[in-house]
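Survey of secondary and tertiary structure
What follows is each chain in one-letter form.
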Amino acid sequence: MSVASRTSTARVDQFFTVAEARFDRWRSLLQAARDWEEAANQSRAEKEELQGEAAASLAELRQWEDFFAYPGQQLIARLSERISSGDAPGTARLAQSISAALLTHSYRNDPSEWEAEGSSAVALGERVPVYSDGAATYRPYFEVLVVSPARRTAWSQLGEELRKLRRPEDKFVYEPVFVGSFEDGFLATILNGSIEAVIIYEGISFASSHHSPVLREFLTSHSETLGTSATAGQYGLALARSLKLLRPELDIYYLCDREAEKLAGDPSTATIRRIFYQVEEPLELHLGILDGIAERYSTPYFDNLQKYAQRPIGTFHALPIARGKSIFKSNWIRDMGRFYGINLFLAESSATTGGLDSLLEPTGNIKLAQEKAARAFGADHVFFVTNGTSTSNKIVEQALLAPGDIMLVDRNCHKSHHYGAVLSGALPLYLEAYPLTQYSMYGAVPLRTIKKALLDLKAEGKLDRARLLVLTNCTFDGHIYNVERVMEECLAIKPDLIFLWDEAWFGFARWSPFYRRRTAMGAAAILERKFKEPAYRRAYDEQVRKLGSNPSDAALLQTRLLADPDKARLRVYQTNSTHKSMSSLRQGSMILVKDPDYHTVEEQFHEAVFTHASTSPNLQIIASLDVARRQMELEGYEMVNRAIQLALDLRREVNRHALVSKYFRILGADEMIPSEFRESGFVDCLAPGMDWGKAAKSLREDEFALDVTRLTLVCGSAGFDGTQFKNLLAADYDIQLNKTSRNSVLLQTNINNTRSDIAQLIKVLVEISQNIEKNLADGGKEAQAAFAARVKSLMTDVPDLPNFSSFFKSFRPDASSSTPEGDVRAAFFGAYREQQCEHLKLSSPEIDKRLKEGPDLVSANFVIPYPPGFPIMVPGQVINAETIQFMRKLDVKEIHGYTAALGLKLLSPLFLESALSATGGTTEAGKNAKRKSAQAA
Ligand SMILES: Cc1ncc(COP(=O)(O)O)c(C=O)c1O
């Protein structure tokens, strides 16, 4: 392998996981060293060439290694010496041990990894990162970035001083990483996910000491975060602010050489954890660093649960499995005990004493754990929920909505929201997402549609009843809203509109500096800052002047609206299935609240929790929510980067693989999002000519973006429908996936995936593609024609997706209303009386007759086919020809709310007539009946 091909691993698109790219660079050096070692018997010129390659490989990786504590300058210097002295075996041995230590992370707890064989262990022993007292206690390891204006030569001395402060009592152990400038501090924080705390000295310079184009690209990608702060001039303080935007979880310490007291009182230093006057108290600094980590590490609920489990407790309450005696002593079920282990049972209780606290009314450890989660997610309050986001959504909706309130909601949303409307009595006003008909799925709701709905309500004098906007971010298929813009423009029309962002799939996004701004909490933080800026107020005043006192709807729809910063109330709620993207047990979910008016709904919020939460919540789920928060605060950044990188790798490998790409394709942003919603001109992360400036601009500006970790793999072009392909992967290859559509499957990468998983999937796709090729070759013309017909049927003959038609008149607030909200609850409960319903077989000619001549076909319940998984009928909805056509074409087996043997469940015309006369109207059938009886009279 040539140096060029070895170093090509430093691709710009290997961006998110510096850790993986680092392993590759070390493996390249190792390979170069081995080639050199194996050339022992070759000519001198050949050996020199290979020696040169090893030196070039080392030079390539060296620029990156400045940002990491291990292997550190000493081991790298040793490697360099070995190369220049012609010691090929020594180079290979050292490169081997370093790359293995990096891969296994053994350097974090094995002092010997920091020593090169042949070096003096005594001399090096002083700089090993692990405090070795022979105890078996595991001390988590992390790195501390020190940004110092001191000369490079003074860095090792400073490092030694920090190491001398280590004590046996320390719960964690850290190694310092030194850099000298603003840009290098920023780069180190992007690149090194092990950095958990940063010490910034006053007086640092600005420019990076590195001149690598790839490193420059990293800076460009974060130019927004960098740019705003770096102009401040005070580079140390500016760096502190930038790093907090980049990774809000980091603890920052500032060491100044003047007026520490004044700085500490300055609001611009609020994000700094502690300010010290130079290093006058090094031990305090050391203890402060450990204390900061301990604060994130501490999991009050889980910690207490572990202690509780160790106590001898007699239980006289109703949970026989608590303590496990009925299990471990059982003749018949002791295998359950063996399988799960004793701790699961020792950590069970139905008591709320002993520090176990009550999820329904937390005052102790659960309250503390929730407060920590609120800090981590940037919310005011967090509520843990142990029955999934299905319940979280219903809690929020019940808390915020009263009967008759209007809830604007994506019709394509999760069914919990529809049930939320049924339970609360709110009137859903369904918003249509743009369709992706070819893949039988929906995108997201265009902002114009949302604004239009609000303006229509305003025209009807009903805006005051529009209380909540519910959107799914990101959608199942990965469409991410421009959350900031949606809220800003909606608040411009209705300043007290409340937002519920269902981020069931997107909780992890908080830990990506790229995605954070597109999360509910990230966008709320941006808007909160913006609304306080004088420049924003000026821009708003200017917009008001331009639009005039009574702007037309057309002008408001066209304008990128700014909200009145004096009137806008940023009332933001988010729900996330913590179990879907973080290390929580299944059903672990959180509700995040950032609402200055929360106190006005607090009481009803608690009522809603009481309504929906079990009085016997699962303690292990609560503990896992606490632990999931700890993990994300300490390693979320690195893990999320890796999940994103793996998704990009998978996308690239599938779409560029000569054989696989003949049959399969992973859809890019350009195929999932029409160009009108990609205003910046962004195409896709993997499109030719893509650079990180463009990607960052797209995330900042475009109406929709694609979460790359949600991968729509088109399989219809390989002759499989989604369900078939899902079953094939599960049955023959033990691969499970997320969901299916008519001609695609949805794959997802998350913090649990590894490069081996990706390799396995690619291997499987290659094998399936080879089988297709073979079958087509063996089967001759007939097989090829059948294959082409199957592909055409799956990819081209796709049914049109039906839009929401309308609610039947009696379920509309008033018959003359031109806005489409409806009383889904009245229709839902109308179906509770058997005599008020009827069934019609889908194939029955009666359906076609009724479509033409009436009376209206009105759905009695939710009908949700899987896939696509959204309700194509809701209670009270008038069923039109498109919906029937879609149902008839649908070839899926699982349709909730529909039993083929019985047919469609409808509200009977008689019931509808009586419902309508109760509201003062009548149906066509009613009119006909009246006409007939009048004629008869
Ligand atoms: C958008 C959305 N919201 C909510 C939920 C429900 O989440 P949970 O499974 O945690 O109840 C789902 C589940 O798939 C979902 O896709």
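Residue positions are given per chain, counted from 1 along the sequence in the order it is written. Per-residue local features of the predicted model are confined to residues with pLDDT of at least 70, and side-chain atom pairs are confined, for both listing and counting, to 80 or more; whole-chain, interface and lining totals are unaffected and use all residues. By convention in this description, side-chain values take in all heavy atoms of the structure and omit both hydrogens and water.

Further remarks concern the overall build of the protein chain. Secondary structure follows DSSP: runs of H or I at least 4 residues long count as helices, runs of E at least 2 residues long count as strands, and numbering of each begins at the N terminus. The helix and strand inventory of the protein chain stands at 38 helices and 24 strands. On C-alpha atoms alone, the protein chain measures out to a radius of gyration of 31 Å, which is about the 30 Å that the 2.2 N^0.38 rule sets for 937 residues. Each principal axis of the C-alpha atoms in the protein chain carries an extent, and together these give about 115 × 80 × 75 Å. Only protein chains enter the calculation, and the probe is 1.4 Å; a residue is then buried if its accessible area is under 20% of its type maximum, exposed if over 50%, and partly exposed in between. Scored against the burial criterion, the 937 residues of the protein chain give a buried share of 56%. Taking the intrachain contacts of the protein chain between residues at least 6 apart in sequence as the baseline, contacts between residues at least 24 apart amount to 72%. Charge centroids of the protein chain, computed over 109 positive and 117 negative side chains, lie 3 Å from each other. Throughout, radius of gyration means the C-alpha value; the globule benchmark is 2.2 Å times the number of residues raised to the power 0.38. Any pair of residues with heavy atoms lying within 4.5 Å of one another is described as a contacting pair. Within this scheme the basic residues Lys and Arg register as positive and the acidic residues Asp and Glu register as negative, but His and the chain ends are omitted. Think of each charge as sitting on NZ of Lys, CZ of Arg, CG of Asp or CD of Glu.

Attention now goes to the site of the ligand. For the ligand, the full set of nearby residues is Gly 388, Thr 389, Ser 390, Asn 393, His 414, Thr 472, Asp 502, Ala 504, Trp 505, Ser 577, His 579 and Lys 580. Whenever a nitrogen or oxygen atom comes within 3.5 Å of another N or O atom, the pair is scored as a polar contact, on the condition that within protein one atom can donate a hydrogen and the other can accept it, and that pairs from neighbouring residues in sequence are kept only if both atoms are in side chains. Measuring from an oxygen atom of the ligand, one finds a side-chain N or O atom of Ser 577 at 2.8 Å. Residue assignment for the shell around the ligand shows that the elements contributing at least two residues are helix H19 (388-400) and helix H26 (578-581). Across the shell around the ligand, the residue classes tally to 2 nonpolar, 8 polar and 2 charged. Any residue with at least one heavy atom within 4 Å of a molecule or strand is counted as near it. Each residue receives one of three labels: charged for Asp, Glu, Lys and Arg, nonpolar for Ala, Val, Leu, Ile, Met, Phe, Trp, Tyr, Cys and Pro, and polar for the others, Gly being one of them.

With that settled, the discussion passes to the side chain of Ser 148. Following the sequence through the fold, Ser 148 ends up in the loop between strand E1 (141-147) and helix H7 (152-164). Among the residues examined, Ser 148 registers a relative accessible area of 2% and is labelled buried. Among all residues touching Ser 148, those that are not within four sequence positions of it are Trp 155, Leu 158, Val 179, Gly 180, Tyr 201 and Ile 204.

In this section: helix H20 (residues 415-424). Of all the 10 residues making up H20, 7 are buried; the element is thus mostly covered by neighbouring parts of the structure. Inspection of H20 places Ser 416, His 417, His 418, Gly 420, Ala 421, Val 422 and Ser 424 among the buried residues, and these make up the whole buried set. Immediately beyond the C-terminal end of H20, within one or two residues, lies Gly 425, with a positive phi of roughly 80 degrees.

Time to look at the packing of H19 against H20. Each axis is a line fitted through C-alpha atoms, taken for helices only over the stretch in contact, and angles between the N-to-C directions span 0 to 180 degrees. Where H19 contacts H20, the two axes come as close as 9 Å, and the packing angle between them is 35 degrees. Handedness of the crossing formed by H19 with H20: right-handed. Of H20, the residues touching H19 (which contributes Thr 389, Ser 390, Asn 393, Lys 394, Glu 397 and Gln 398) are Ser 416, His 417, Tyr 419, Gly 420, Leu 423 and Ser 424. Classifying every residue of the contact of H19 with H20 gives 2 nonpolar, 8 polar and 2 charged. Handedness of each helix crossing follows the sense of rotation of the near helix against the far helix: counterclockwise by less than a right angle gives left-handed, clockwise gives right-handed.

When DSSP locates at least two bridges between a pair of strands, those strands are taken to pair. Read across the open sheet, the 4 strands follow the order E16-E18-E20-E19; overall the sheet is antiparallel. Where the open sheet ends on each side, the last strands, each with one partner, are strand E16 (665-666) and strand E19 (739-740). As defined by bridge partners, strand E18 (residues 710-714) adjoins strand E20 (residues 744-748) across 5 bridges and the pair is classed as antiparallel. Within E20, the residue paired with Leu 711 across the bridge is Leu 747. With respect to the sheet, helix H32 (residues 722-733) is in contact with E18, E19 and E20, its orientation differing from that of E20 by roughly 50 degrees.

Now for the sheet that holds strand E4 (residues 251-256). Sheet strands pair by backbone hydrogen bonding; their relative direction is either parallel or antiparallel. The parallel open sheet is built from 5 strands, whose spatial order is E2-E1-E3-E4-E5. Unpaired on one side and paired on the other, strand E2 (173-179) and strand E5 (274-277) mark the two borders of the sheet. With strand direction ignored, the average angle separating the axes of adjacent strands in the sheet is 20 degrees. Sheet topology note: the E1/E2 ladder contains 7 bridges and is parallel. Residue pairing for E2: Val 146 is matched across the bridge by Phe 178.

As a further point, take the confidence of the model for the protein chain. Residue-level confidence of the predictor is summarised by pLDDT, bounded by 0 at the bottom and 100 at the top. Per-residue confidence for the protein chain gives a mean pLDDT of 90; residues scoring 70 or more make up 92%. Low pLDDT, under 50, characterises residues 1-13; the predicted model gives this stretch 29 contacts beyond four residues in sequence or across chains.

Aromatic rings considered in pairs are described by the distance between their centres and by the relative angle of their planes. A pair of Phe, Tyr and Trp rings is counted when the ring centres sit within 6.5 Å of each other, with Trp represented by its six-membered ring. The angle between the planes then sorts it: under 30 degrees is stacked, over 60 is edge-to-face, the rest tilted. Evaluation of the coordinates by the stated rule reveals 42 aromatic pairs. Each ring, one from Tyr 107 and one from Tyr 141, has its centre 5.6 Å from the other, and the planes form 85 degrees; the classification is edge-to-face. Taken together, the positions of Tyr 107 in the loop between helix H5 (88-104) and helix H6 (121-125) and Tyr 141 in strand E1 put the pair 34 residues apart, joining distant regions of the chain. The buried category is assigned to Tyr 107, whose relative accessible area is 4%. Relative to Phe 206, the ring of Phe 182 has its centre 5.0 Å away and its plane inclined at 25 degrees; by these criteria the two rings are stacked.

For Val 198, the position within the fold is in strand E3 (residues 195-201). Excluding residues within four positions of it along the chain, Val 198 makes contact with Leu 145, Val 147, Leu 243, Leu 250, Asp 251, Ile 252 and Tyr 253.

This next bit is on the side chain of Lys 451. The residue Lys 451 is located in helix H21 (residues 447-459) in this model. Aside from chain neighbours lying at most four places away, what touches Lys 451 is Glu 489, Ile 493, Leu 556, Leu 557, Thr 559 and Leu 561.

We now examine the pairing of strand E11 (residues 466-472). Side chains on a regular strand alternate between the two faces of the sheet. Counting buried residues in E11 gives 6 out of 7 residues, a clear majority hidden from the surface. Two strands pair when backbone bridges link them, and strand E7 (residues 406-410) and E11 are joined in this way by 4 bridges, in the parallel orientation. Paired with Met 407 across the strands is Leu 468, a residue of E11. Judged from the 5 bridges that link them, E11 and strand E13 (residues 498-502) form a sheet pairing that is parallel. Residue pairing for E13: Leu 468 is matched across the bridge by Ile 498.

The subject of this paragraph is the pattern of salt bridges. In what follows, salt bridge is the name for a side-chain nitrogen of Lys or Arg lying within 4 Å of a carboxyl oxygen of Asp or Glu. Using the criterion set out here, one finds 51 salt bridges in the structure. In this structure, Arg 537 engages Asp 566 in a salt bridge whose closest nitrogen and oxygen atoms are separated by 2.8 Å. Of this pair, Arg 537 sits in helix H24 (residues 534-547) while Asp 566 is found in the loop between helix H25 (553-558) and strand E14 (571-576), placing the two residues 29 residues apart along the sequence. Residue classification places Arg 537 among the partly exposed positions, given a relative accessible area of 31%.

Take the environment of Phe 476 next. Position of Phe 476 relative to the elements: it lies in the loop between E11 and strand E12 (479-481). Residues Phe 476 and Thr 391, spaced 85 residues apart in sequence, show a C-alpha to C-alpha distance of 18 Å. Sequence-distant contacts of Phe 476, that is, excluding residues within four places in its chain, are made with Trp 505, Arg 710, Asn 738, Lys 739 and Leu 746.

Close contact between helix H4 (residues 72-84) and H5 brings their axes to 9 Å; oriented N to C, the two are set at 155 degrees. Taken together, H4 and H5 sit at an angle that is classed as roughly antiparallel. Relative to H5, the crossing made by H4 is left-handed. The residues of H5 that touch H4, namely those facing Leu 75, Arg 78, Leu 79, Arg 82 and Ile 83, are Gly 90, Thr 91, Leu 94, Ala 95 and Ile 98. Partitioned by chemical class, the residues of the contact of H4 with H5 number 6 nonpolar, 2 polar and 2 charged. Working definition: roughly parallel below 35 degrees, roughly antiparallel above 145 degrees, roughly perpendicular at 65 to 115 degrees, and oblique for all remaining angles.

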